[in-house]
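Structural description and commentary
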Amino acid sequence: MARRSPPRNGVGGHDFDSKKKRKVAEIYQALNSDPIDVATLRRMAISEGGLLTDEIRCKVWPKLLSVNTDDLPPLPGKELREDNKDYQQVLLDVRRSLRRFPPGMPDDQREGLQEELIDIILHVLKRNPQLHYYQGYHDIVVTFLLVVGDRLATALVEKLSTHHLRDFMDPTMDNTKHILNYLMPIIDQVNPKVHDFMQSAEVGTIFALSWLITWFGHVLSDFRHVVRLYDFFLACHPLMPIYFAAVIVLYREQEVLDCECDMASVHHLLSQIPQDLPYETLISRAGDLFVQFPPSELAREAAQQQAERTAASTFKDFELASVQQRPDTVLRRRFRERLRAEERTESILAKPRTNRLVKLAVMGLTVALGAAALAVVKSALEWAPKFELQIFP
Amino acid sequence: MGSAEEDYNFVFKVVLIGESGVGKTNLLSRFTRNEFNHDSRTTIGVEFSTRSILVGDAVVKAQIWDTAGLERYRAITSAYYRGAVGALVVFDITKHQTYDVVERWLKELYDHAEPSIVVMLVGNKTDLAQAREVPTEEARMFADNNGLLFVETSALDSTNVEQAFETILKEIFHKVQQQKQRNSQSNTVALASGSPDGAATAQEEKRPCCVAI
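Since we're looking at a predicted model, the values are computed, not measured. (Residues numbered from 1 in each chain as written. Chains lettered and ligands numbered in written order. Predicted model: local features only at pLDDT ≥ 70, side-chain atom pairs only at ≥ 80, totals over all residues. Heavy atoms only, no water.)

1. Considerations on the overall build of chain B
The test is simple: Think of it this way: any DSSP run of H or I at least four residues long counts as a helix, any run of E at least two long counts as a strand, and we number them from the N terminus.
A tally of helices and strands in chain B yields six helices and eight strands. Each helix and strand of chain B, ordered N terminal to C terminal, gives the series β-α-β-β-α-β-α-α-β-α-β-α-β-β.

What follows is the structure in structure tokens.
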């Protein structure tokens, strides 16, 4: 895997138009059916091109997050900024986020949006005192603001913050670090060579921190790519961004292996994300990887990574790991099979990696994304609330 | 200013720390690329840039790590202090609060870095003189009392940026030389050691590479 293939983004003109038209029709059909066909909407958000236009996103994103657009929270008053512990930091981060706004936008319009951005962030934080601001949160919120406007953005971001982003908004980074711990096990499953190289370099996973907690909004300069990824992530399991991060590393296999094997060099290489990634291909790969190696399969290894570094909070990690085990029957069976296989080999080192690689190569891109999508999307929203309960028993 | 394959005699790892928004990223970009960005985006996690300078006859490659200033990121960034031989603790001369917490930053630093680390206190944003909240003398005295180098800079108009980095790199260089002389009989190396290609990393030896399989 991880061979460079030509980007699928630039599908030819006429064919693309008719495909797009068909997709738009299908999306509206799903929106207009009663009850709304959310499963189809998820599939549309994941499959090639995502949700296509901001007009559609305004309608579909709320459905993906189960947000009722008839009952939006009231806009905040002026008192919001008074005595607010986060105001100064939010102001600082929003003021220097000029590059997140469209290049040609007039200054006064941009400044107006920046004020709205500050208000949305403070509003959500105020309504949810258990949530803590982090730098990068503004990169997520600005994406919603630019696509759906302030009123709807507030509702969507609030839902997102109590679900997908919840772990990033703890008082400490422990849970964020835990999620980063999934990165190396995913890479190991697909390409042990890259994994071992990175382990030897002791590069860690911090190069992927901003990718994860901003859903790549902080590092991608083309806004179209950002919203395309948001379509994907909104339709998927909250851990999907870490699978996508792994797919990017794997895609850069050769660069990584050619790099000098030390922490600084590898960190530097990976931190600089290429701007011309073949997003559709990578999205499809991330979906496939999720299906083949669901979080439940990786949970133990992720927890182990943590344990290797520090004994503290290991128990909590295991607790979290067990919560993440929500496989459907197929995945559960696969999990059992793997356990049995491991019992046979009795050794982590003798893990049947080669088989997995072969399997992956065969399945590769031929796995219908539809199938991946179905498995991926099932647990997106059911997952988080329970997760939260475990953090605050 | 550094091609990929430049020759160098020493690599010094230096960290930039201090509160969010004091100008760490711009100090770094001014030094390594002679650039200043008014909307330099928030640093999330850690990043680094390099630049080589001449100290005496030796080419010193500075590997300067820029860190996120927000408190919550400290658990992550402090791991990167390991192996640093120099640190710039930056505050904003127009925000007293960023100076008040310098002591906390120093503690954080000494908790995670080598005791021999060379530390420089940097008061940044001197271009905003009319908004100054931290008197130069106050900061200088603090630096003197705590054995820190001290300089005031403006990443925006370039004042003293070059000088700040050169000063600390020279200081590290001298320390390395002294250490070398002192350790010439023994094999223990605290601050620097030679590596096979004649370069010396500031910390430990370079690990042998690992492209096996």
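Now that the structure is up, let's keep going.
2. Digging into the overall build of chain A
Spelled out, the test is: In this scheme, a residue with accessible area under 20% of its type's maximum is buried, one over 50% is exposed, and one in between is partly exposed, where area comes from a 1.4 Å probe on protein chains only. Note on contacts: a residue pair qualifies if any of its non-hydrogen atoms lie within 4.5 Å across the two residues. Each accessible area is a Shrake-Rupley estimate made with a 1.4 Å probe; only the visible protein chains count as cover when residues are assessed.
Scanning chain A from N- to C-terminus turns up 22 helices and zero strands. Burial status across chain A gives 57% buried among its 393 residues. Taking the intrachain contacts of chain A between residues at least 6 apart in sequence as the baseline, contacts between residues at least 24 apart amount to 79%. Just so you have it, chain A exposes about 16700 Å², and 54% of that area is on carbon and sulfur atoms.

3. Describing the pattern of salt bridges
Residue and element names in this part refer to chain A. Inclusion rule: Criterion for a salt bridge: a side-chain nitrogen of Lys or Arg within 4 Å of a carboxyl oxygen of Asp or Glu.
Scanning the entire structure with this criterion turns up 26 salt bridges over all chains. Between K19 and E48 there is a salt bridge, with the nearest N and O atoms lying 3.7 Å from each other. Of this pair, K19 sits in helix α1 (residues 13-32) while E48 sits in the loop between α2 (38-46) and α3 (54-64), placing them 29 residues apart in sequence. What makes K19 partly exposed here is its relative accessible area of 35%.

4. A closer look at the UniProt feature "domain: Rab-GAP TBC" (unreviewed entry) in chain A
The cut-off we apply is this: UniProt positions are given in the numbering used here, feature names are shortened, and annotations may be inferred rather than shown by experiment.
Residues annotated in UniProt with the feature "domain: Rab-GAP TBC" (unreviewed entry) correspond here to residues 51-237 of chain A. The annotated region residues 51-237 of chain A carries 58% helix and 0% strand content, and the separation between its end C-alpha atoms amounts to 17 Å.

5. Points about the domain arrangement of chain A
Often, the extent of an interface is quoted as the loss of accessible area upon association of its parts. Residue and element names in this part refer to chain A. The test is simple: Each domain's limits were defined by an automated method or a database of domain assignments. The quantity reported as buried area is the accessible area (1.4 Å probe) lost by two parts once they are put together, taken as the sum for both.
In terms of domains, chain A is made up of domain 1 (21-65), domain 2 (78-160) and domain 3 (172-302). Once you take the C-alpha centre of each, domain 1 and domain 2 turn out to be 26 Å apart. Taking both sides of the interface into account, the surface hidden between domain 1 and domain 2 amounts to around 660 Å²; carbon and sulfur atoms contribute 83%. Its largest share of buried area at the contact with domain 2, domain 1 owes to C58, W61 and L65, together 77% of the area lost on that side.

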